Structures are given as structure tokens and as C-alpha cells.
Amino acid sequence: MAHGHGHGHGHGHGHGHGHAHGHGHSHETTDIDWAAMGDKLERYARIAAPMYGEVAAWLRGWVPEPGLVADVGAGPGAVAFLLAGAFPGARIVAADPEGPLLERARARAERDGVADRFEAVRA
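Residues numbered from 1 in each chain as written. Predicted model: local features only at pLDDT ≥ 70, side-chain atom pairs only at ≥ 80, totals over all residues. Heavy atoms only, no water.

## So, helix 3 (residues 99-112)
For step 1, the next point in the chain: Helix length check: helix 3 (14 residues) gives 20 Å between terminal C-alpha atoms against 20 Å at 1.5 Å per residue, within 8%.
For step 2, the next point in the chain: Among the residues making up helix 3, those that are buried are Gly99, Leu101, Leu102, Ala105 and Ala109. Taken down its axis, helix 3 places every buried residue within 160° of arc, on the same side. In helix 3, the exposed residues that point more than 90 degrees away from the buried face are Glu110 and Arg111.
For step 3, the next point in the chain: Those residues of helix 3 that are buried lie in contact with helix 1 (34-62), helix 2 (78-86), strand 2 (91-96) and strand 3 (118-122).
For step 4, the next point in the chain: In the segment just after helix 3, glycine 113 is the residue with positive phi, at about 75°. (Helix = DSSP H or I, 4+ residues; strand = E, 2+ residues; numbered from the N terminus. Expected span 1.5 Å × (residues − 1). Buried < 20%, exposed > 50% of the residue type's maximum accessible area, 1.4 Å probe, protein only. Arc of directions from axis to C-beta. Contact = heavy atoms within 4.5 Å.)

Right under this line is the structure:
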């Protein structure tokens, strides 16, 4: 899937010092408040929900009743919960490296009544 920061975006790669600039992301480490970022990630997931719903429908065509669904890079678990609804018989695993986002996912699993088949894993 293209993310709009490949070659041909007008700044060239021939600077003589390696990686080009202006991609919209940084390779430097920064401190991110993941607890605060959770709201933004969930808001984006609500906006993108129709697209995720189409993906879930496509997946059901391939595997109608999976025993396990894993969302890797799950953040607060928004897509994992959409998949939990699409696959009500599946165990759902949401994996992410950020503890505060996984805590949000665990709390939502309780609220949504899927905690018995939901697992948040730090990975």
C-alpha cells in the first residue's frame, strides 16, 4: 500500500547525505504521550471504520470462522474490536508496544463485553 512518500515527490534523493527530507516522519526518537494519543487514534479509526469494515468482509470471504484474529500494531484496539464484531467466535489478540494504548484496549474489551475472548499483548 502506498503512503504517499515514495520517490517523485519533488525534492530528490541526490543530496549526497543519504536519506531525503520532507517525508512527514522522523527517525529521531521523541517522547510521545501515548495515553493522550489514544483519543486521536480512536477518532481516526471511527473515520476509517467503513474501510475497515470492507476489509473485515473481505477477510470473512477467505476465512469465515477463524479461531484466532491478531491485530499487530493495534494501538488502542479500534480495529481489533471491529474484527471482534465481524468474527464473534474468534479469540482476538491485540499486540502493540505501548502499554497505555493496551490499557485502553483492555478497558474497552470490558465495556464491550468481549474481555473473555480478548487479549492485549505488549509486543
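Text resumes after the structure shown.
## Brief notes about the side chain of aspartate 71
For step 1, the next point in the chain: Looking at the element boundaries, aspartate 71 is found in strand 1 (residues 68-72).
For step 2, the next point in the chain: Put simply, aspartate 71 is tucked away with no salt bridge, and the nearest opposite charge, on arginine 108, sits 9.5 Å away.
For step 3, the next point in the chain: Ignoring any residue separated from it by four or fewer positions in sequence, one finds aspartate 71 in contact with Val79, Ala80, Val93, Ala94 and Ala95. (Lys, Arg positive; Asp, Glu negative; His and termini not counted. Salt bridge = Lys/Arg side-chain N within 4 Å of Asp/Glu carboxyl O.)

## Concerning helix 2
For step 1, the next point in the chain: By the burial criterion, the buried members of helix 2 are Ala78, Ala80, Phe81, Leu83, Ala84 and Ala86.
For step 2, the next point in the chain: Considering only its buried residues, helix 2 is in contact with helix 1, strand 1, strand 2, helix 3 and strand 3.

## With respect to the sheet that holds strand 2
For step 1, the next point in the chain: Spatially, the three strands line up as an open sheet ordered 1-2-3, and their pairing is parallel. Unpaired on one side and paired on the other, strand 1 and strand 3 mark the two borders of the sheet. Adjacent strand axes in the sheet meet at a mean angle of 20° when their direction is disregarded.
For step 2, the next point in the chain: Sheet topology places strand 1 next to strand 2; five bridges connect them, and they run parallel. Counted as the bridge partner of valine 72 is alanine 95 from strand 2.
For step 3, the next point in the chain: Contacts between helix 3 and the sheet are confined to strand 2 and strand 3, with strand 3 contributing the most and set at about 175° to the helix. (Pairing = 2+ DSSP bridges. Axes fitted to C-alpha atoms, helices over the stretch in contact; angles between N-to-C directions.)

## Notes on the nonpolar core
For step 1, the next point in the chain: With 18 residues, the main nonpolar core has Val69, Phe81, Phe87, Ile92 and Phe118 as its most contacted residues.
For step 2, the next point in the chain: Within the residue set of this core, elements represented by two or more residues are helix 2, strand 2, helix 3 and strand 3.
For step 3, the next point in the chain: With five residues, helix 2 is the single largest residue contributor to this core.
For step 4, the next point in the chain: Those residues in contact with isoleucine 92, other than ones at most four positions away along the chain, are Val69, Ala80, Leu83, Ala84, Arg117, Phe118 and Glu119. (Core = buried A, V, L, I, M, F, W, Y, C linked by side-chain atoms within 4.5 Å.)

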